[in-house]
Amino acid sequence: LDGLSGLLNQANTTSYTVANGAAGSKLWRRKTADEIVADMHGIANNVVKATLGIHRPDSMILPLAAWNIAATKRMGDGSNQTVLSFFLATSPCIKNVDASYRLDAAFSTLWGGSANTGRFMVYEKNAERLALVLPIEFSQQMPFIRHFVTETACEARTGGIVAYYPGSISYGDSITDATD
């Protein structure tokens, strides 16, 4: 699978620069709820602005640590709404936010991110924007028994993910680090 483009390492995408919070850090564990929401809206608006409104991302993927922060941090004293629920209620285009360990700091350099920092991304979940190239779908042959072991021959091939409109994807780095 070396050299194949996946969802997390597409070329020619837009990049979002995460701003430092009041504490002087890009890390979400050191930011206020409002600063985290600003980052989440900022990366989505980055695509809309860069493509002059042609593309509107509808999905966001966060590293596990960042997703946990967004899902549990309250918007403020006296509020029972989390950062994640507030963001989803106020975002004009993002409809779902998912988490993936593959965006954590330990994996970020594999996908083109900064060393030891978590990466987050937005994209448009649309077959006209992204597609998985699968020349041979997963298939199984009939199982056979040899020396008291059952074996099943399987076959599959992939060509990676093709981004027909890479500008509809945006990546942002440094929201989590290796200690999260």
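Quick note: structure is the one above.
The structure displayed is predicted, hence computed values, not measured ones.

J.: Honestly, the packing of aromatic side chains in this entry has me stumped. Any pointers?
T.: Scanning the model with the defined rule gives two aromatic pairs in all. Their ring planes at 80° and their centres at 6.3 Å tell us that Tyr-16 and Phe-120 sit as a pair that is edge-to-face. Of this pair, Tyr-16 sits in strand β1 (residues 14-16) while Phe-120 sits in strand β4 (residues 117-123), placing them 104 residues apart in sequence. Accessibility classification places Tyr-16 together with Phe-120 in one group, the buried group. The interplanar angle of 70° and the centroid separation of 5.6 Å between the aromatic rings of Trp-28 and Phe-120 together place this pair among those described as edge-to-face. Note that Trp-28 is positioned in the loop between β1 and α1 (33-50) and Phe-120 in strand β4, a separation of 92 residues in sequence. On the accessibility criterion, Phe-120 (0% relative accessible area) is buried. Of the aromatic side chains, those joined through ring pairs into one cluster are Tyr-16, Trp-28 and Phe-120. Just above the ring of Tyr-165 sits the side chain of Arg-129; from NZ or CZ to the centre is 5.3 Å.

J.: Just to check I follow, could you spell out the environment of His-55 for this structure?
T.: Checked against the element boundaries, His-55 lands in the loop between α1 and β2 (59-63). His-55 sits in the buried class, given a relative accessible area of 6%. The spatial distance from the C-alpha of His-55 to the C-alpha of Arg-129 is 9.3 Å, given a sequence separation of 74 residues. Only 3.1 Å separates the side chain of His-55 from the side chain of Arg-129, close enough to count as a polar contact.

J.: Which parts of the structure should I look at to understand helix α3 (residues 83-90)?
T.: Since there are 3.6 residues in each turn of an α-helix, residues three or four apart along the chain are aligned in direction. All of the buried residues along α3 are Val-83, Leu-84 and Phe-87. Each buried residue of α3 sits inside an arc of 95° when the element is viewed along its axis, so together they form one side. Buried positions along α3 lie against α1, β2, α2 (64-72) and β3 (96-100).

J.: Honestly, the side chain of His-41 in this entry has me stumped. Any pointers?
T.: On the secondary structure map, His-41 appears in helix α1. A distance of 3.1 Å separates the side chain of His-41 from the side chain of Thr-90, its partner in a polar contact. Apart from the residues lying within four places of it in its own chain, the contact partners of His-41 are Phe-87, Thr-90 and Ser-91.

J.: Got a minute to help me understand the pattern of salt bridges in this structure?
T.: Where charged atoms from two side chains of opposite charge approach closely, those side chains can pair. Going through the model one piece at a time under the given rule, you end up with five salt bridges. Two residues, Arg-119 and Asp-173, come together in a salt bridge whose shortest N-O distance is 2.9 Å. Of this pair, Arg-119 sits in strand β4 while Asp-173 sits in strand β11 (residues 170-177), and the two are 54 residues apart along the sequence.

J.: When you look at the environment of Arg-56 in this model, what are you seeing that I'm missing?
T.: Considering the arrangement of structural elements, one finds Arg-56 in the loop between α1 and β2. With 89 residues separating them in the primary sequence, Arg-56 and Ile-145 have C-alpha atoms 52 Å apart. Beyond its immediate sequence surroundings of up to four residues, Arg-56 is in contact with Val-48, Cys-93 and Glu-124.

Conventions used here
Residues numbered from 1 in each chain as written. Predicted model: local features only at pLDDT ≥ 70, side-chain atom pairs only at ≥ 80, totals over all residues. Heavy atoms only, no water. Phe/Tyr/Trp six-rings, centres within 6.5 Å; stacked < 30°, edge-to-face > 60°. Helix = DSSP H or I, 4+ residues; strand = E, 2+ residues; numbered from the N terminus. Buried < 20%, exposed > 50% of the residue type's maximum accessible area, 1.4 Å probe, protein only. Lys NZ or Arg CZ within 6 Å of the ring centre and 35° of its normal. Polar contact = N/O pair within 3.5 Å; in protein donor to acceptor, adjacent residues only side chain to side chain. Arc of directions from axis to C-beta. Contact = heavy atoms within 4.5 Å. Salt bridge = Lys/Arg side-chain N within 4 Å of Asp/Glu carboxyl O.

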